[in-house]
Amino acid sequence: MSTIIEQRIATLLGNLGLVPFFALAILSWLPWRDEPALRVQFALVAYAAVILSFLGAVHWGLALANPGLDKARSWNALGWGVIPSLLGWLALLMLLLGIPAAVVLAFLIGDLLLVRVVDGQLVRLYATPVPAWYLALRTRLTIAAALCLLAALFAALPD
């Protein structure tokens, strides 16, 4: 498969992956009360947690595709690969423990930005480089997801 086809498929799927972020951010602004508002917030936090897990798994795939990594690089790649999942799980736990949704959403925004920054550093570990367009796509998707979380954060602030 050519690089341009891979790029187009990844861009399409990445953009489709933003649909739940946008839909839930919009839903968060409807005049929900109590339980429906909590369900929308939970759905958004849960989706962000799933996306964080996906982003961590990318490093497992890259590490497995680069079998010649030394022990330190393997630990960095595979170790970092589980951190985004733990951050997503922590966000869900925070929400379930009653921490205000605005705080949890701010935490997730920070998580997404952190993951993008670290990913930019870690892709240098691999002998087989990621395509040049990958980090640019990741940046656009991260910004869009973070803006959706920010919109939902403002909707979650008390009146």
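Residues numbered from 1 in each chain as written. Predicted model: local features only at pLDDT ≥ 70, side-chain atom pairs only at ≥ 80, totals over all residues. Heavy atoms only, no water.

**Student:** Before we move on, can you summarise the pattern of salt bridges with the specific residues and values?
**Tutor:** Tallying each qualifying case throughout the model produces 2 salt bridges. Here arginine 39 makes a salt bridge to glutamate 35, at a shortest N to O gap of 3.3 Å. Linking arginine 39 with glutamate 35, this pair stays in helix α3 (residues 35-65), spanning 4 residues, or about one helical turn. Overall, the relative accessible area of 58% leaves arginine 39 in the exposed class. (Salt bridge = Lys/Arg side-chain N within 4 Å of Asp/Glu carboxyl O. Helix = DSSP H or I, 4+ residues; strand = E, 2+ residues; numbered from the N terminus. Buried < 20%, exposed > 50% of the residue type's maximum accessible area, 1.4 Å probe, protein only.)

**Student:** Talk me through the nonpolar core; I want residue IDs and the actual numbers.
**Tutor:** By size, the foremost hydrophobic cluster in this structure holds 47 residues, and its most contacted members are Phe21, Val45, Leu108 and Leu149. Elements supplying a minimum of two residues to this core: α2 (19-27), α3, α4 (71-96), α5 (101-122) and α6 (132-156). Look past the residues within four positions of leucine 149 in its chain and what remains in contact with it is Phe21, Leu44, Ala48, Leu105, Leu108, Ile109 and Leu112. (Core = buried A, V, L, I, M, F, W, Y, C linked by side-chain atoms within 4.5 Å. Contact = heavy atoms within 4.5 Å.)

**Student:** An account of the packing of α4 against α5 is needed here, citing residue identities and associated values.
**Tutor:** Running from N to C, α4 and α5 point in directions that differ by 170°, and their axes come no closer than 9 Å. If you check the angle between α4 and α5, you find them roughly antiparallel. Where α4 abuts α5, its residues Asn76, Trp80, Pro84, Leu87, Leu90, Ala91, Met94 and Leu95 lie against Ala101, Val103, Val104, Phe107, Leu108, Asp111, Leu114, Val115, Val118, Asp119 and Leu122. Each residue belonging to the contact of α4 with α5 can be placed in one class, and the counts come to 16 nonpolar, 1 polar and 2 charged. (Axes fitted to C-alpha atoms, helices over the stretch in contact; angles between N-to-C directions. Parallel < 35°, antiparallel > 145°, perpendicular 65-115°, else oblique. Nonpolar A, V, L, I, M, F, W, Y, C, P; charged D, E, K, R; others polar.)

**Student:** Describe in detail the side chain of histidine 59, supporting the description with residues and values.
**Tutor:** Looking at where histidine 59 falls in the secondary structure, it is placed in helix α3. Within the structure, histidine 59 has its side chain in polar contact with the side chain of aspartate 119 (distance 2.6 Å). Discounting chain neighbours no more than four positions away, the residues touching histidine 59 are Ala77, Trp80, Gly81, Asp119, Leu122 and Tyr126. (Polar contact = N/O pair within 3.5 Å; in protein donor to acceptor, adjacent residues only side chain to side chain.)

**Student:** Could you give me a rundown of the packing of α3 against α5, with the residues and numbers involved?
**Tutor:** In the contact formed by α3 and α5, the axes pass within 11 Å of each other and the chain directions differ by 15°. Between α3 and α5, the angle falls in the class roughly parallel. For α3 against α5, the interelement crossing comes out left-handed. Between α3 and α5, the contacting residues are Gln41, Leu44, Val45, Ala48, Leu52, Leu55 and His59 on the first element and Ala101, Val104, Leu105, Leu108, Asp111, Leu112, Val115, Asp119 and Leu122 on the second. The residue makeup of the contact of α3 with α5, split by class, is 12 nonpolar, 2 polar and 2 charged. (Left-handed = near helix turned anticlockwise from the far one by under 90°.)

**Student:** Can you break down a nonpolar patch on the surface residue by residue, with the values?
**Tutor:** On the surface, Ile4, Ile5, Ile9, Leu12, Leu13, Leu16 and Val19 cluster together into a nonpolar patch covering about 640 Å² of accessible area. Element by element, the count of residues in the nonpolar patch is highest for helix α1 (residues 3-17), at 6 residues. Relative to the helices and strands, isoleucine 5 resides in helix α1. (Patch = residues over 30% accessible without salt bridge, like charges linked within 9 Å, V, L, I, M, F, W, Y side chains within 5 Å. Areas by Shrake-Rupley, 256 points an atom, 1.4 Å probe, with all protein chains shown as cover.)

**Student:** Summarise the environment of threonine 128; cite the residues concerned and give the values.
**Tutor:** Relative to the assigned elements, threonine 128 resides in the loop between α5 and α6. Sequence spacing of threonine 128 and alanine 48 is 80 residues, and the spatial spacing of their C-alpha atoms is 28 Å. Beyond its immediate stretch of four places on either side in the chain, threonine 128 contacts Ala65 and Asn66.

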